[in-house]
Amino acid sequence: MSEQNFDLVVLGGGSGGYAAALRATELGLSVALVEKDKVGGTCLHRGCIPTKALLHSAEVADVSREAEKYGVHTDFHGIDIAAVTSYREGVVASKYKGLQGLLKARKITTVEGEGRLTSPTTVQVGDVTLTGKNVVLATGSYSRSLPGLEIGGRVITSEQALALDHVPSRVAILGGGVIGVEFASVWKSFGAEVDIIEALPHLVPNEEESISKQFERAFRKRGIGFSLGVRFQSVTQSDDGVVVTLEDGKTFEADILLVAVGRGPSTAGLGYEEVGLTMDRGFVITNERLATSVPGVYAVGDIVPGLQLAHRSFQHGIFVAEEIAGLSPQVIDDVNIPKVTYSDPEVASVGLSEAKAVEKHGRDAVATYDYNLAGNGKSHIIGTSGSVKVVRVVDGPVVGVHMIGARVGELIGEAQLTVNWEAYPEDVAPLVHAHPTQNEALGEAMLALAGKPLHAM
């Protein structure tokens with residue numbers, strides 16, 4: 001048994017964990033980073049990055065099919081899934097190599113192996129005891145299922161979906177949230193028939209309702225089927241495929257069933273309860289400054305209740321490192337963290353929906369403007385429809401921005417600055433938005449709310 005001492009021991013090398021480690025070393029702290037698999041975690045190896053690579057391949061497939069309407073002659077011969085996989089793995093490998101180099105350059109001690117919290121100041125990894133003045137828990141999440149629904153065979157999660165060596169002919173997807181609709185978008189572009197099963201009344205149900213309705217129209221136009229408002233009952237599988245049955249008796253036949261019903265916290269068997277942390281259904285409970293019930297122990301990312309997003313985890317990691325260093329960083333509420341769904345069309349949002357704003361401020365105190373992308377030159381050029389909806393407090397700040405359309409995820413930067421800096425539309429309206437860009441749609445919505453619309457009525 002050996003013991004090593006650090007200012008900070010981080011358990012988990014995903015987005016939250018490595019962000020905490022990097023920021024802590026910048027602040028002069030010595031850091032040990034424990035990871036049982038590969039640094040970068042789910043986001044880099046099984047989530048954000050590889051799925052977006054697939055979505056880019058899907059976009060290229062769609063563009064090649066439609067190239068003639070832009071005056072370009074192409075022939076579409078289908079999807080070479082081995083080549084797509086090679087491209088995807090190449091992107092991940094490059095980012096992984098870069099991250100390893102960054103951690104090494106910052107002189108972070110990376111410890112490979114499964115760690116376990118054994119006291120408020122120690123993490124055990126095999127025969128090695130890592131002792132820290134502070135400990136950060138960043139053990140991430142796993143693909144959940146439903147009670148009684150076993151993963152295996154033709155019933156798969158997103159991790160197995162990434163590893164498929166073929167394009168299925170027909171797919172059923174359980175869950176119409178971010179993961180479900182992104183894979184639906186990929187498989188439809190690759191030539192599969194797709195049906196989504198969502199128990200809630202809308203696809204992308206965590207978004208503004210008007211955005212969800214536009215999203216459903218877009219998916220219907222693409223030929224993606226979906227069932228809303230009826231819960232899953234059972235699935236049977238055979239050598240030929242699966243049959244999914246809903247509670248109302250409706251059935252769906254497919255080659256595979258993708259279970260995309262969210263992610264659970266990876267905390268079981270890691271010593272958290274034994275050390276005395278307050279837990280709730282597997283999540284680690286913290287205060288708003290991410291401190292757990294045990295002094296000196298912090299938790300970040302997907303194991304903390306709230307949005308499960310890589311950039312939230314990054315922010316948590318940076319926050320905790322600065323908190324430990326005594327910098328008193330600013331808390332960013334989950335509602336003001338931007339969200340992007342990278343399907344076709346994309347959805348991007350930050351802040352309060354109109355309904356939530358009315359609930360908080362009252363109907364008469366809320367104003368909105370919905371700018372249709374049909375009026376935006378760049379959107380017309382790239383062939384997308386959609387809208388940008390801005391929610392403000394009357395005579396007050398912008399409290400929400402909600403967008404749908406191709407590439408709108410790239411607009412979320414200005415939107416989240418506007419919301420988080422509590423800017424008024426009147427503050428944004430005089431700013432110049434380059435022409436022709438989709439960014440102008442945000443400018444037009446702000447002009448309208450400021451009472452001086454240009455290309456809008």
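Every value quoted in this text rests on a predicted model; they were computed, and no experiment measured them.

1. Observations concerning the overall build of the chain
If you tally the helices and strands in the chain, you get 14 helices and 24 strands. Over its C-alpha atoms the chain spans a radius of gyration of 23 Å, differing by no more than 12% from the 23 Å that the globule rule assigns to 457 residues. By its C-alpha atoms, the chain is 70 × 60 × 45 Å across when sized along the principal axes. When each of the 457 residues of the chain is scored for burial, the buried share is 51%. Taking contacts inside the chain between residues at least 6 apart in sequence as the whole, the part at least 24 apart equals 62%.

2. Digging into the side chain of S353
Note that S353 resides in the loop between β21 (346-351) and α10 (354-361). Among the polar contacts made by the side chain of S353, one reaches the main-chain amide nitrogen of K356 at a distance of 3.1 Å.

3. Focus: the nonpolar core
Within the largest apolar cluster, 47 residues are counted, with the highest numbers of intra-cluster contacts made by L137 and Y272. For this core, the element with the most residues is strand β1 (residues 2-11), which contributes five residues. Setting aside residues up to four positions removed in sequence, Y272 forms contacts with L11, L117, L137, T139, T267, L277, M279, V284 and I303. Within the second largest apolar cluster, 32 residues are counted, among which are L164, A184, W187 and A192.

4. What about the sheet that holds β21?
Across a sheet, strands are paired by hydrogen bonds formed along the backbone, either parallel or antiparallel in direction. Spatially, five strands are ordered β20-β21-β24-β23-β22 in an open sheet, and the strand pairing comes out antiparallel. Edge strands, defined here as strands with exactly one partner in the open sheet, are β20 (339-341) and β22 (366-372). For this sheet, the mean inter-axis angle between neighbouring strands, taken without regard to orientation, is 10°. As paired elements, β20 and β21 share three bridges and run antiparallel to each other. Bridge pairing in β21 links V340 to A348. Each of β22, β23 (387-393) and β24 (398-405) is contacted by helix α14 (residues 439-449), which is oriented at about 140° to β22, the strand it contacts most.

5. A few points about the pattern of salt bridges
In this structure the tally under the stated criterion is 21 salt bridges. Between R65 and D62 there is a salt bridge; the shortest N-O distance is 3.1 Å. With R65 and D62 both in helix α3 (residues 48-66), this residue pair falls three residues apart, about one helical turn. The class of R65 is partly exposed, set by a relative accessible area of 36%.

6. Some points on the environment of P205
Inspection of the secondary structure assignment puts P205 in the loop between β10 (193-198) and α7 (209-222). Considered as a pair, P205 and A299 are 94 residues apart in the sequence and their alpha carbons are 27 Å apart.

7. Structural notes on the pairing of strand β15 (residues 256-259)
Alternating positions in β15 separate into two faces, I256 and L258 on one and L257 and V259 on the other, with burial throughout. Alignment of strand β9 (residues 170-174) against β15, held across four bridges, turns out to be parallel. By the bridge assignment for β15, L174 is matched with V259.

8. Describing the sheet that holds β10
Taking strand neighbours across the sheet as the criterion, the five strands line up as β8-β15-β9-β10-β11 in an open arrangement whose pairing is parallel. Each edge of the sheet is formed by a strand with only one pairing partner; in this case those strands are β8 (155-156) and β11 (225-228). As defined by bridge partners, β8 adjoins β15 across two bridges and the pair is classed as parallel. Bridge pairing links I156 to L258 in β15. Where helix α6 (residues 178-189) meets the sheet, it contacts β9, β10 and β15, and its direction lies at approximately 170° from that of β10.

9. Some remarks on the packing of helix α1 (residues 15-26) against helix α9 (residues 310-324)
Running from N to C, α1 and α9 cross one another at 35°; their axes reach a closest spacing of 7 Å. Considering only the axes of α1 and α9, their crossing is right-handed. Taking contact as the criterion, the partners of S15, G16, Y18, A19, A20, R23 and A24 in α1 are, on α9, A310, S313, F314, G317, I318, A321 and E322. For the contact of α1 with α9, the class distribution of residues is eight nonpolar, four polar and two charged.

10. What to know about the packing of aromatic side chains
Any two aromatic rings considered together are summarised by their centre-to-centre distance and by the angle between their planes. Enumeration according to the criterion identifies three aromatic pairs in this entry. Ring centres of F183 and W187 lie 5.4 Å apart, and the angle between their planes is 40°; this geometry places the pair in the tilted category. A residue pair is termed a helical-turn pair when its members lie 3 or 4 positions apart in one helix, as F183 and W187 do in helix α6 at four residues. When sorted by exposure, F183 lands in the same class as W187, which is buried. Ring centres 4.4 Å apart and planes at 40° place the aromatic pair F215 and F219 in the tilted group. Taken together, the positions of F215 and F219, both in helix α7 and four residues apart, correspond to about one turn of that helix.

11. A closer look at the pairing of strand β14 (residues 251-254)
Burial of β14 is one-sided: the residues F252 and A254 facing one way are buried, the residues T251 and E253 facing the other way are not. Bridge count between strand β13 (residues 242-246) and β14: four bridges; the pairing is antiparallel. Across the sheet, T245 pairs through a bridge with T251, a residue of β14. Once β13 ends, the chain turns through four residues before running back antiparallel as β14, passing G249 with a positive phi of about 95°.

12. Describing the packing of α3 against α6
In contact at an axis separation of 8 Å, α3 and α6 are set at 40° when each is read in the N-to-C sense. As for the relative orientation of α3 and α6, their crossing is left-handed in sense. On α6, the residues that touch T51, K52, L54, L55, A58, A61, D62 and R65 of α3 are E182, F183, S185, V186 and S189. Taken together, the residues of the contact of α3 with α6 break down into six nonpolar, three polar and four charged.

What counts, and where the lines are drawn
- Residues numbered from 1 in each chain as written.
- Predicted model: local features only at pLDDT ≥ 70, side-chain atom pairs only at ≥ 80, totals over all residues.
- Heavy atoms only, no water.
- Helix = DSSP H or I, 4+ residues; strand = E, 2+ residues; numbered from the N terminus.
- Rg over C-alpha atoms; globule rule 2.2 N^0.38 Å.
- Buried < 20%, exposed > 50% of the residue type's maximum accessible area, 1.4 Å probe, protein only.
- Contact = heavy atoms within 4.5 Å.
- Polar contact = N/O pair within 3.5 Å; in protein donor to acceptor, adjacent residues only side chain to side chain.
- Core = buried A, V, L, I, M, F, W, Y, C linked by side-chain atoms within 4.5 Å.
- Pairing = 2+ DSSP bridges.
- Axes fitted to C-alpha atoms, helices over the stretch in contact; angles between N-to-C directions.
- Salt bridge = Lys/Arg side-chain N within 4 Å of Asp/Glu carboxyl O.
- Left-handed = near helix turned anticlockwise from the far one by under 90°.
- Nonpolar A, V, L, I, M, F, W, Y, C, P; charged D, E, K, R; others polar.
- Phe/Tyr/Trp six-rings, centres within 6.5 Å; stacked < 30°, edge-to-face > 60°.

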